Amino acid sequence: MIDVNRIRADFPGLAQTVHGKPLVFLDNAASAQKPRAVIDAVAHHYAHDYANVHRGVHQLAERATDAYEGAREKVRAFLGAASTREIVFVRGTTEAINLVAHSWGRHALRAGDEVLITEMEHHANIVPWQLMAEEIGFTLRVAPILDDGRLDMEAFAALLNERTRLVAVAHMSNVLGTVNPVQEIVDMAHAHGALCLVDGAQSVSHLPVNVQELGCDFYAFSGHKLFGPTGIGVLWAREALLEAMPPYQGGGEMIREVSFQRSTWADLPYKFEAGTPHIVGAIGLGAAIDYVTAIGLQAIAEYEHGLLEYATEALESVPGLTLVGRAPHKGAVLSFVMDCAHPHDIGTILDGEGVAVRAGHHCAMPLMERLGLPATTRASFAFYNTREEADALVAALYKVREIFA
Ligand code: 7TS
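Basis of the calculations
- The residue numbering used here restarts from 1 in each chain and proceeds along that chain's sequence as written.
- Local features in this predicted model are restricted to residues of pLDDT 70 or higher, and side-chain atom pairs are both shown and tallied only at a pLDDT of 80 or more, whereas totals for entire chains, interfaces and linings draw on every residue.
- For the side-chain quantities, the full set of heavy atoms in the structure was used; hydrogens and water were omitted.
- Working definition: residue near molecule or strand if any one of its non-hydrogen atoms lies within 4 Å of it.
- N or O atoms within 3.5 Å of each other form a polar contact, as long as, within protein, one can give a hydrogen and the other can take it, and as long as residues adjacent in sequence are counted only when both atoms are side-chain atoms.
- Methods summary: accessible areas were calculated by the Shrake-Rupley approach with a probe of 1.4 Å, and residue burial reflects only the protein chains presented.
- Residues are called lining when one of their atoms sits within 4 Å of a cavity or pocket point, these points coming from a 1 Å grid over the protein atoms alone, where a cavity is a set in which a 1.4 Å probe fits but cannot get out and a pocket is an open set with protein on both sides within 12 Å along at least five of seven lines.
- In this scheme, a molecule is assigned to a cavity or pocket if more than half of its atoms are within 2 Å of the grid points.
- Amino acids outside the nonpolar list (Ala, Val, Leu, Ile, Met, Phe, Trp, Tyr, Cys, Pro) and the charged list (Asp, Glu, Lys, Arg) are all regarded as polar, and Gly is one of them.
- Where each domain begins and ends follows an automated or database-derived domain assignment.
- Grid points are joined across faces, edges and corners, and a volume is the space filled by probe spheres set on the points.
- Under the DSSP-based scheme used, a helix requires at least four consecutive residues in state H or I and a strand at least two consecutive residues in state E, with every element numbered from the N terminus.
- Think of it in three bands: residues with accessible area under 20% of the maximum for their type are buried, residues over 50% are exposed, and the middle band is partly exposed, with areas taken using a 1.4 Å probe on protein chains only.
- Here, a strand pair is defined by DSSP locating no fewer than two bridges between the strands.
- When a carboxyl oxygen of Asp or Glu is within 4 Å of a side-chain nitrogen of Lys or Arg, the pair counts as a salt bridge.
- Structural elements are reduced to axes, namely lines fitted to C-alpha atoms, with helices fitted over the stretch in contact, and the angle between N-to-C directions of any two is expressed from 0 to 180 degrees.
- Throughout, the term roughly parallel applies to angles under 35 degrees, roughly antiparallel to angles over 145, roughly perpendicular to angles from 65 to 115, and oblique to all others.
- Left-handed describes a crossing whose near helix is turned anticlockwise from the far helix by less than a right angle; the clockwise case is right-handed.
- A contact between two residues is defined here by any heavy atoms of the two lying within 4.5 Å.
- Throughout, the accessible surface (probe 1.4 Å) given up by two parts as they are put together, summed over both, is called the buried area.

Examining the site of the ligand
Then step 1. Surveying the vicinity of the ligand reveals 15 residues, the closest of which are Thr-94, Asp-199, Ser-222, Arg-358 and Arg-378.
Then step 2. Here a nitrogen atom of the ligand sits 3.4 Å away from a polar atom, N or O, in the side chain of His-122.
Then step 3. Note that an oxygen atom of the ligand is positioned 2.7 Å from one of the side-chain N or O atoms of Arg-378.
Then step 4. Calculation on the ligand without its partners gives an accessible area of 490 Å², and the protein chains cover 87% of this total.
Then step 5. Here the ligand is seated within the largest pocket.
Then step 6. In terms of residue class, the shell around the ligand is made up of 4 nonpolar, 7 polar and 4 charged.
Then step 7. When residues are assigned to domains, the shell around the ligand turns out to be shared by domain 1 (4–30 + 296–404) and domain 2 (40–294), each giving three or more.

What follows is the structure, encoded as structure tokens:
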């Protein structure tokens, strides 16, 4: 069970007022607040153990390397991966997908091949494929969604064929909250000889993930949405795939030997970690993983499901408000529009009431076009949010009605 008051006490960022009102932070899908454990791990490392990794012969370099590689092991266990050789530290989900598109894509894709994505993808899982499609000449295909925000599985199945080489799909939509049936999608992709990349940016902080159980081939996520630092994220991929893929960036750390004639590559995962990495970011991410693991992702998922049900019913009571995204299996993301006000104006009024949400296209412009909306307002919950905060959101929305309706 989640003891939300005890959890809230761990997050110093939550205990403040904005515009004279208690902060109600409902912008977790954009980025999450940090627990003291993460802040302290980062500060401690900079204060006591800081040095570059892998190269020094001295005590601090050894401590920094141990902490950095220790974080990699925490990520491995968190994802249920077979080996730390499969855990590549990157800047975030965006860089992870670009790495796959540029390295695997350039190596494996040919003109005439197809990459299949969905209508609910974030720009980070659209644009890298467009860039590579332009270069290589493969075709980008898009599986549609149903009106309630579910993926249209029949249409998805019909789009799979012998030319499909990769299916790249969000585990959970950042706009609709939809949780996609990833295991089924992976099985369908594999049955057609295609690989499957899962964009886990929104899922890792809300539900248990085990890459070996999912059976996918690539999994990407960002540390900052998992209560860790910005600028650090993870690409997990099967070892055999990473072995076959050429380096993404060249430089220090990623080589075995360099001469002016030719260079050879370091072992996994270092082949994909050119340059000095975000050492302290990785250590902070390790602390974040320890934190959420101690609470338990299953307990988090159950608690947030209760919040979602409560907030959904509360928002439905607001006259003139329409929820966008009603999939039966969804995370605690509530996008909505109101008949009386523009999403950005709603966001501004809510901010005045202390309620932090996001308004706009949420980096999913093709999805907004499918929905026939220029923008939505989005309240996204984390396990430190409460039913009282959902009530505060609703009260602030009544204020919006008072002002605009
Ligand atoms: N994929 C999904 C599904 C996302 O929600 C995001 C970020 C990304 C990829 C990119 O992650 P990044 O850490 O590399 O930027 N989504 C959001 C959002 O919904 N609001 O701000 C960022």
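Once the structure has been displayed, the description carries forward.
Focus: the layout of surface pockets
Then step 1. Of the pockets and cavities examined, the largest pocket occupies roughly 280 Å³.
Then step 2. Lining the largest pocket are 20 residues, with Thr-93, Thr-94, Ala-201, Ser-222 and Lys-225 sitting closest to its centre.
Then step 3. When residues of the lining of the largest pocket are assigned to their parent elements, the largest contribution, 3 residues, is made by helix 4 (residues 93–108).
Then step 4. In terms of residue class, the lining of the largest pocket is made up of 5 nonpolar, 10 polar and 5 charged.

Considerations on the pairing of strand 9 (residues 218–222)
On any regular strand, side chains alternate: one points to one face of the sheet, the next to the other face.
Then step 1. Buried residues dominate strand 9, accounting for 5 of its 5 residues.
Then step 2. Alternating positions in strand 9 separate into two faces, Phe-218, Ala-220 and Ser-222 on one and Tyr-219 and Phe-221 on the other, with burial throughout.
Then step 3. Alignment of strand 8 (residues 195–199) against strand 9, held across 3 bridges, turns out to be parallel. Counted as the bridge partner of Leu-197 is Phe-218 from strand 9.
Then step 4. Pairing geometry for strand 9 and strand 10 (residues 233–237), over 5 bridges, is antiparallel. What sits directly across from Phe-221, in strand 10, is Val-234.

What about the pattern of salt bridges?
Then step 1. Inspection of the entire model under this criterion finds 25 salt bridges.
Then step 2. A salt bridge links Glu-253 to Arg-55; the shortest N-O distance between them is 3.5 Å. Highlighted residues: Glu-253 in the loop between helix 9 (239–244) and strand 11 (255–258) and Arg-55 in the loop between helix 2 (36–49) and helix 3 (59–79), separated in sequence by 198 residues.
Then step 3. With a relative accessible area of 44%, Arg-55 lands in the partly exposed category.
Then step 4. A salt bridge links Arg-72 to Glu-69; the shortest N-O distance between them is 2.8 Å. Of this pair, Arg-72 and Glu-69 are both found in helix 3, 3 residues apart, which corresponds to roughly one turn of the helix.

Considerations on the packing of helix 3 against helix 10 (residues 279–295)
Then step 1. Where helix 3 meets helix 10, the closest approach of the two axes is 8 Å, and the angle between their N-to-C directions is 40°. Taken together, helix 3 and helix 10 sit at an angle that is classed as oblique. The handedness of the crossing between helix 3 and helix 10 is left-handed. Contacts between helix 3 and helix 10 involve Ala-67, Tyr-68, Ala-71, Lys-74, Val-75 and Phe-78 from the first element and Ile-279, Ala-282, Ile-283, Leu-285, Gly-286, Ile-289, Asp-290, Val-292 and Thr-293 from the second.
Then step 2. Split into classes, the residues belonging to the contact of helix 3 with helix 10 amount to 11 nonpolar, 2 polar and 2 charged.

Some words on the packing of helix 2 against helix 10
Any two packed helices are characterised by how steeply their axes cross, that is the angle between the axes, and by the distance between the axes.
Then step 1. As a packed pair, helix 2 and helix 10 sit with axes 8 Å apart at the nearest point and diverge in direction by 145°. Helix 10 is crossed by helix 2, and the crossing has right-handed handedness. In this structure, helix 2 uses Ala-37, Val-38, Ala-41, Val-42, His-45 and Tyr-46 to contact helix 10, whose residues at the interface are Ile-279, Val-280, Ile-283, Gly-284, Ala-287, Ala-288 and Tyr-291.

Some points on empty space enclosed by the protein
Then step 1. Tallied over the entire structure, the rule returns 1 cavity of 30 Å³ or more.
Then step 2. Within this model, the largest cavity holds a volume of roughly 30 Å³.
Then step 3. The wall of the largest cavity is formed by Asn-28, Ala-29, Met-172, Gln-202, His-206, Ala-332, Val-333, Ser-380 and Phe-381.
Then step 4. A class-by-class count of the residues in the lining of the largest cavity yields 5 nonpolar, 4 polar and no charged.
Then step 5. Built from parts of two domains, the lining of the largest cavity gets at least three residues from each of domain 1 (4–30 + 296–404) and domain 2 (40–294).

Section: the domain arrangement of the chain
Then step 1. For the chain, the assigned domains are domain 1 (4–30 + 296–404) and domain 2 (40–294).
Then step 2. One C-alpha centre belongs to domain 1, the other to domain 2; they are set 28 Å apart.
Then step 3. With 37 residues of domain 1 at the interface, the matching set in domain 2 holds 34 residues.
Then step 4. For the pairing of domain 1 and domain 2, the buried interface totals around 2,800 Å² over both sides, and the portion due to carbon and sulfur atoms is 60%.
Then step 5. It is Leu-297, Leu-367 and Arg-370 that lose the most area in domain 1 upon contact with domain 2, and together they represent 23% of the buried surface on that side.
Then step 6. On inspection of domain 1 and its partner domain 2, the count reaches 2 salt bridges.
Then step 7. With a closest N to O distance of 2.8 Å, Arg-370 and Asp-147 form a salt bridge.
Then step 8. Between the two partners, domain 1 and domain 2, sit 20 residue pairs in polar contact (both at pLDDT 80 or more).
Then step 9. Elements with a contribution of two residues or more to the side of domain 1 that touches domain 2: helix 11 (297–316), strand 14 (333–338) and helix 13 (365–371).
Then step 10. For the side of domain 1 that touches domain 2, the element with the highest residue contribution is helix 13, accounting for 6 residues.
Then step 11. Considering only residue class, the side of domain 1 that touches domain 2 consists of 23 nonpolar, 8 polar and 6 charged.

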